[in-house]
Amino acid sequence: MTNIAIYTLTSELHNEAVVDTETKAFLGSLGVGYLFKGSDYSDYGSHPLNLIYVRTGGTEGIFKRLLPSLLGKSARPFYLLTSGKSNSLAASMEILSYLRQRYIGGEILHGSPAYIANRIQLLAKAEEARRQMEGCRLGIIGEPSDWLISSGADYNAVKSRLGIELVDIPMDELLDTIAATPLEPTAEPSAPDAVSDALPGADRIYRALKTLVARHRLQGFTLRCFDLLSAVKNTGCLALARLNAEGCVAGCEGDVPALLSMKIALSTTGLTGFQANPSTVNPETGEMLFAHCTIPLNMVERYELDTHFESGIGVGIRGYMKEGPVTLFKVSGDLSRHFIAEGTLVRNQAKPGLCRTQQVIQLSDKAQASYFLTNPIGNHHIIIPGHHQPLLEEVVGHK
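Let me begin by describing the structure that accompanies this report. Every chain begins its residue count from 1, and numbering advances along the sequence as written. Thresholds applied to this predicted model are a pLDDT of at least 70 for local features of residues and 80 or more for the giving and counting of side-chain atom pairs; totals over whole chains, interfaces and linings are not thresholded and use all residues. Only hydrogens and water are set aside when side-chain values are computed; all heavy atoms of the structure are taken into account.

**Focus on the sheet that holds strand 3 (residues 49-54)**
Turning to step 1, where the next piece is worked out: For two strands to count as paired, DSSP must find a minimum of two bridges between them. Helix and strand definitions follow DSSP, with helices as H or I runs of at least four residues and strands as E runs of at least two, each counted in order from the N terminus. The 5 strands are arranged 2-1-3-4-5 in an open sheet whose pairing can be described as parallel. A strand with exactly one partner marks an edge of an open sheet, and here the two such strands are strand 2 (35-38) and strand 5 (106-109). When strand polarity is set aside, the average angle formed by the axes of neighbouring strands in this sheet is 30°.
Turning to step 2, where the next piece is worked out: In terms of strand pairing, strand 1 (residues 4-9) meets strand 3 through 6 bridges, oriented parallel. Angular values range over 0 to 180 degrees, each being the angle between N-to-C directions of two axes fitted as lines to C-alpha atoms, with helices fitted over their stretch in contact.

Here's what the structure looks like:
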């Protein structure tokens, strides 16, 4: 069943047969699947995308009478579809102006059939992404690492804007779960001896995290992972790489905005994101280097196991992602700001003195490099394969 429903507004002054003929021709020209609901608004808001087709002028009063009921059914913006015939655009403009005066979001969908169709498809994808996030539970295991002084979150804003519930889980609960999880033999023939010795412990962390995910009914989490270095003499890098590849969003260092960015990216594009630190930025060319010691295993063409960079212990991931288009993405913890930039992964590298996975990215718009030096949203940013700026903008932008 399609996820697009079309409702109508029609003045009684217009010939119904003529309007119906024009409606069939106009909607047919768009080439999109939809459920035609006509003037029956009883289930308005129950579909991922609800469109109001303003078929004629003189419908402003009808909409005004409907508005209280519609607001009770849906908190989403009003999308007013118009062909431009029979004064429909003029009516739509009056309606949108009325909505704006009351600080209610809305947009008129008008233009060529190709433009309208593309806009409808984009909106439908964005609304579907929001539905996927509604009711989602994301865990914060431990607190943000001490150095992430700007990477907390506004729990209420996250719940009201995205429908996501943030769940605090004490670090001690994970440590107790790790202790209760038996070690199992794990082999990786190509790994250095220090890594091979650490693999059973890294695997135990992975299985303990899966236990917590099931216990708290989580769709993802962020982990204060550096505490594991002293507590169990190992790292969570391999566990996060595996869990992300399995569809459970798993972030590093207790960075909640990064976790939210990864979840939004997955729900919106269907793709896993790579949480990474910008290591260098060239403000003149727009070339940047990103690095981190874990990357989702489903994002790479191949990978090598090494130790964790900062500590020299445990298991880290050196992943090699396919070169090509990428999108950089980050939201703030209160969702008041976001950053989206498209670019190209020009090469992977494996130089000493940096976290194990290293990516050199050329921004499509080099002027966007200044953001990282003048107004960044924390340090971690999410790298997503492909170009997705319009869709992400639709999901996180403000109406």
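**Some points on the layout of surface pockets**
Turning to step 1, where the next piece is worked out: Cavity and pocket criteria rest on a 1 Å grid covering protein atoms alone: a 1.4 Å probe that fits but cannot get out defines a cavity, protein on both sides within 12 Å along at least 5 of 7 lines defines an open pocket, and an atom within 4 Å of a point defines a lining residue. Grid points are joined across faces, edges and corners, and a volume is the space filled by probe spheres set on the points. Reported here for the largest pocket is a volume of approximately 670 Å³.
Turning to step 2, where the next piece is worked out: Along its surface, the largest pocket is lined by 28 residues, and Ala75, Arg76, Pro77, Arg130 and Arg161 are the ones closest to its centre.
Turning to step 3, where the next piece is worked out: Of all the secondary-structure elements, those providing two or more residues to the lining of the largest pocket are helix 2 (60-73), helix 4 (113-133) and helix 5 (155-162).
Turning to step 4, where the next piece is worked out: Take the lining of the largest pocket: its biggest share by element is 4 residues, from helix 5.
Turning to step 5, where the next piece is worked out: Basically, the charged four are Asp, Glu, Lys and Arg, the nonpolar ten are Ala, Val, Leu, Ile, Met, Phe, Trp, Tyr, Cys and Pro, and anything else, Gly included, counts as polar. Looking at the lining of the largest pocket residue by residue, the classes come out as 9 nonpolar, 9 polar and 10 charged.

**Focus: the pattern of salt bridges**
Turning to step 1, where the next piece is worked out: One side-chain nitrogen of Lys or Arg within 4 Å of one carboxyl oxygen of Asp or Glu is enough to make a salt bridge. Going through the model one piece at a time under the given rule, you end up with 18 salt bridges.
Turning to step 2, where the next piece is worked out: For Asp203, the salt bridge identified is with Arg207, shortest N-O distance 2.9 Å. Within this pair, Asp203 and its partner Arg207 are both found in helix 7 (residues 193-215), separated by 4 residues, close to a single helical turn. You'll find Asp203 and Arg207 in the same group, each marked buried.
Turning to step 3, where the next piece is worked out: Glu304 is the salt-bridge partner of Arg318, the closest N and O atoms lying 3.1 Å from each other. Here's how the labels work: a residue is buried when its accessible area is under 20% of the maximum for its type, exposed when over 50%, partly exposed in between, all with a 1.4 Å probe on protein chains only.

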